[in-house]
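The chain contents come next:
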Number of protein chains: 2
Amino acid sequence: MIAPSKQAFVPFVSVANMMRLVHAIGVEQVMVDLAAEIEADFRRWPLFDKTPRVASHSEIGVIELMPTSDGETYGFKYVNGHPSNMKRGLQTVTAFGLLADVSTGYPLLLSEMTILTALRTAATSAMAAKWLAPKGATTMALIGNGAQAEFQALAFKAVCGISEVRLYDIDAKATRKCAANLAGRGLTVVACATPEEAILGAQIITTVTADKQNATILTDNMVGAGVHINAVGGDCPGKTELHKDILSRAGVFVEYPPQTRVEGEIQQMPEDFPVTELWQVINGQAPGRTDARAITLFDSVGFAIEDFSALRYVHGKLKSLGLCDQLDMIADPDDPRDLFGMLMRAA
Amino acid sequence: MIAPSKQAFVPFVSVANMMRLVHAIGVEQVMVDLAAEIEADFRRWPLFDKTPRVASHSEIGVIELMPTSDGETYGFKYVNGHPSNMKRGLQTVTAFGLLADVSTGYPLLLSEMTILTALRTAATSAMAAKWLAPKGATTMALIGNGAQAEFQALAFKAVCGISEVRLYDIDAKATRKCAANLAGRGLTVVACATPEEAILGAQIITTVTADKQNATILTDNMVGAGVHINAVGGDCPGKTELHKDILSRAGVFVEYPPQTRVEGEIQQMPEDFPVTELWQVINGQAPGRTDARAITLFDSVGFAIEDFSALRYVHGKLKSLGLCDQLDMIADPDDPRDLFGMLMRAA
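Calculation rules
- Residues numbered from 1 in each chain as written.
- Chains lettered and ligands numbered in written order.
- Predicted model: local features only at pLDDT ≥ 70, side-chain atom pairs only at ≥ 80, totals over all residues.
- Heavy atoms only, no water.
- Helix = DSSP H or I, 4+ residues; strand = E, 2+ residues; numbered from the N terminus.
- Contact = heavy atoms within 4.5 Å.
- Polar contact = N/O pair within 3.5 Å; in protein donor to acceptor, adjacent residues only side chain to side chain.
- Domains from an automatic or database assignment.
- Buried area = accessible area lost by both parts, 1.4 Å probe.
- Salt bridge = Lys/Arg side-chain N within 4 Å of Asp/Glu carboxyl O.
- Nonpolar A, V, L, I, M, F, W, Y, C, P; charged D, E, K, R; others polar.
- Buried < 20%, exposed > 50% of the residue type's maximum accessible area, 1.4 Å probe, protein only.
- Arc of directions from axis to C-beta.
- Least-squares fit on C-alpha atoms with pLDDT ≥ 70 in both.
- Lys, Arg positive; Asp, Glu negative; His and termini not counted.
- Pairing = 2+ DSSP bridges.
- Axes fitted to C-alpha atoms, helices over the stretch in contact; angles between N-to-C directions.

### As for the environment of Trp131(B)
Residue and element names in this part refer to chain B. Structurally, the position occupied by Trp 131 is in helix H3 (residues 114–132). Measuring from C-alpha to C-alpha, the distance between Trp 131 and Lys 239 comes to 26 Å, with 108 residues separating the pair along the chain. Ignoring sequence-local partners within four residues, the contact set of Trp 131 consists of Glu 39, Arg 43, Val 281, Ile 282 and Arg 289. Side-chain polar atoms of Trp 131 contact the side chain of Glu 39, separated by 3.0 Å.

Here it is in structure tokens:
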């Protein structure tokens, strides 16, 4: 068989190499870097090709494709959401993603994105909180202590200067796992027996639970003035975490309204419920937090541009770090019209 | 570093392995098999989750995602279309695809699909012609002798019993390449200097040109009675091959109307221009060819279900043939909620 040309190969970042990459840079530094990359792409939000993700729903989960493009580079992520996976020993969310060159359509990078999604989700939350949370916030309640929890804690430490996290999960085992993983990382970690206890003294409340149902993790009377809520877990139709009375009292900030109105906490509200797009706050086109006593809510569902930023970050690191394999993924005949000849000569 | 679990790996069919697979089975047998798989999936068309492909257009090309699901298995293809790539020594169309388990969202197969798309496109054309072309057709005109041409010729030989192909391309070099590749394969191959010469005596006319512009490969006076037209090259907005007068005279058969009305030859016609869905012909719900003198036209743009059928075929062959690598693509911690712990233990 004739050896494939260079053109045939696509750099692939495996799970093992993604973990090596994170350790080579340091997990908190990765959070800081990703928050900066995502913020930079939010600044140039209008030039991206945007579309709500393309979802294929089944009774027990969803598989989604999340494409975007800045006109030079195209990216998409494949991601699933299957809350029942956990009971089967599987991840609720797994993902992989791709970058391609818009001018040729040829892939530039294929990467695992289960770990990268966890990192970018936390970095996005922390970046948003930098703009929306009350100044000098030091304490975060973390309700839901599953796979995303530690990433959120470390991102808020690295990006926002949070020094205390107060953990609560309906399953005490999850809280123990989270507390053990966060031990020795420079955070004061308090395991709490109730959500009410977890939010005591917290300026930031992060909700990151996974049940696919309209749950009420926070009720209205639990949320005081001057708090920032980072609502991460409500991210598909029928899956919410907050009582709607909280939404009425809060200033609500979103990524991409056409997607958030279907998938986010605001799916509970009328279609014309007022929201502010986060990119406009970052760009100075809309106010963020206007009052120390206001309640701000980042109704986060995850948007394709965040994955694009994360993939570009990883792609940029490959030159210096290596940490990829070369996949023979693109057929590249010498004469581009001679695909059949290439196939036959391989006999 | 801890070795990844079995769950972490996704079988990957590289370009080299796809070529081995085709040779292990035989290219004509693959065409016959794929035509049967695609026909079987067209028979159960209503149960598929269908959506027009998600396209990201730029000035010089398009990148598309084509998802579908039968409720048990999910599949999607990434594919580009960049007619100008050819001048740069690159493929106009490259592709890869994925199958996943709907019940868990976990990938089952990642595969190159540049070669597989060429195979499934030809198999789909031939399958449609089996239902629509005049009985006893022996001669096919093949206008456009680029990367897809030989695949079309062999599929029509293997599936429809075509014995003569008459080649024409605006570039005589492409015709020479195509004729050389088809030599010794049991077909009478006639290289023609004009499209008019190519369609002489042909019961089937296949148009498979690549320019992204509204071109008129066939004019109305070139198409006589009792012919089947297999229009493959018109497959995105602004890219057509047939004069609209031909469409008015022909019975037009399509894959998925919402996509074909945007991308196919019928983009030239009013929105309510009558078409028949091919799956209904196969299912006996709509008539196909009703008259030996009728003109039938398969206005093919390629639909996600055809890729799904092709990926499932390849996936089914891996058990006996091997021919795949295992990609460490899915993070799989022992405790699914302990993604962070897995990452940290990898230090």
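### Here's the deal with the domain arrangement of chain A
Residues and elements named next belong to chain A. Here chain A is partitioned into domain 1 (6–115 + 305–345) and domain 2 (124–303). Computed from C-alpha coordinates alone, the two centres of domain 1 and domain 2 are separated by 26 Å. Opposite the 24 residues of domain 1 that make contact, domain 2 presents 28 residues. Roughly 2500 Å² of surface becomes buried between domain 1 and domain 2 when both sides are summed, with 62% attributable to carbon and sulfur atoms. Summed over the shared surface of domain 1 and domain 2, the number is 3 salt bridges. A salt bridge links Glu 263 to Arg 53; the nearest nitrogen and oxygen atoms lie 2.4 Å apart. If you look at where domain 1 meets domain 2, you find 11 residue pairs in polar contact (both at pLDDT 80 or more). Breaking the side of domain 1 that touches domain 2 down by element, the ones donating at least two residues are helix H2 (27–43), strand E2 (54–58), strand E3 (61–69) and helix H10 (304–321). The element best represented in the side of domain 1 that touches domain 2 is H2, accounting for 9 residues. In the side of domain 1 that touches domain 2, the residues fall into 12 nonpolar, 4 polar and 8 charged.

### Regarding helix H5 (residues 172–182) of chain B
Within an α-helix, residues lying three or four positions from one another point in the same direction, as the helix has 3.6 residues per turn. Taken as a whole, H5(B) has its buried residues at Ala174(B), Thr175(B), Lys177(B), Cys178(B), Asn181(B) and Leu182(B). Projection of H5(B) onto a plane perpendicular to its axis shows the buried side chains occupying an angular sector of 160°, all on one side. Within H5(B), the exposed residues directed more than 90 degrees away from the buried face are Lys173(B), Arg176(B) and Ala180(B). Elements in contact with the buried residues of H5(B): helix H11 (339–345) of chain A together with helix H4 (149–160), strand E8 (164–168) and strand E9 (188–191) of chain B. Where H5(B) begins, the side chain of Asp171(B) points an oxygen toward the backbone nitrogen of Lys173(B), at a separation of 2.9 Å. One or two steps after H5(B), the chain reaches Gly184(B), where phi turns positive at roughly 80°.

### A few points about the relation of the copies chain A and chain B
The two chain copies are related to each other by a rotation about an axis together with a translation along it. Superposing chain A onto chain B takes a rotation of 180° combined with a translation of 0.0 Å along the rotation axis, leaving an RMSD of 0.0 Å. On this basis, the relationship between the two copies can be described by a two-fold rotation axis. Of all interface residues in chain A, 100% are interface residues in chain B too; the two copies therefore contact each other through one and the same surface.

### Describing the side chain of Asp33(A)
Residue and element names in this part refer to chain A. Within the secondary structure, Asp 33 is located in helix H2. One buried charged residue, Asp 33, remains without a salt bridge, the closest side chain of opposite sign being Lys 317 at 4.6 Å. Apart from residues no more than four positions distant in its own chain, Asp 33 is found in contact with Ile 25 and Tyr 313.

### With respect to the sheet that holds strand E16 (residues 296–299) of chain A
All names here are of chain A. Across the sheet, which stays open at both edges, the 8 strands sit in the order E9-E8-E7-E10-E12-E16-E14-E15 with parallel pairing between neighbours. With partners counted over all chains shown, the strands left at the sheet margins are strand E9 (188–191) and strand E15 (276–277), one partner each. Bridging between strand E14 (residues 251–254) and E16 involves 3 bridges; their strand directions are parallel. Among the inter-strand pairings, Phe 253 is bridged to a residue of E16, identified as Phe 298. Packing against the sheet, helix H3 (residues 114–132) makes contact with strand E12 (228–231), E14 and E16, and its axis sits at approximately 155° to E16. The sheet strands contacting helix H5 (residues 172–182) are strand E8 (164–168) and E9, and the helix crosses E8 at an angle near 160°.

### A look at the interface of chain A and chain B
Across the boundary between the two partners, chain A contributes 78 residues, which contact 78 residues of chain B. Here chain A packs against chain B, burying approximately 7100 Å² in sum over the two surfaces, 70% of which is carbon and sulfur. Per-residue buried area on chain A facing chain B is highest for Arg337(A), Phe340(A) and Leu343(A); these three make up 12% of the total on that side. Our count for the contact surface shared by chain A and chain B stands at 2 salt bridges. Residue Arg337(B) is joined to Asp171(A) by a salt bridge in which the shortest nitrogen-to-oxygen separation is 2.9 Å. Between the two partners, chain A and chain B, sit 34 residue pairs in polar contact (both at pLDDT 80 or more). Classifying every residue of the side of chain A that touches chain B gives 44 nonpolar, 19 polar and 15 charged.

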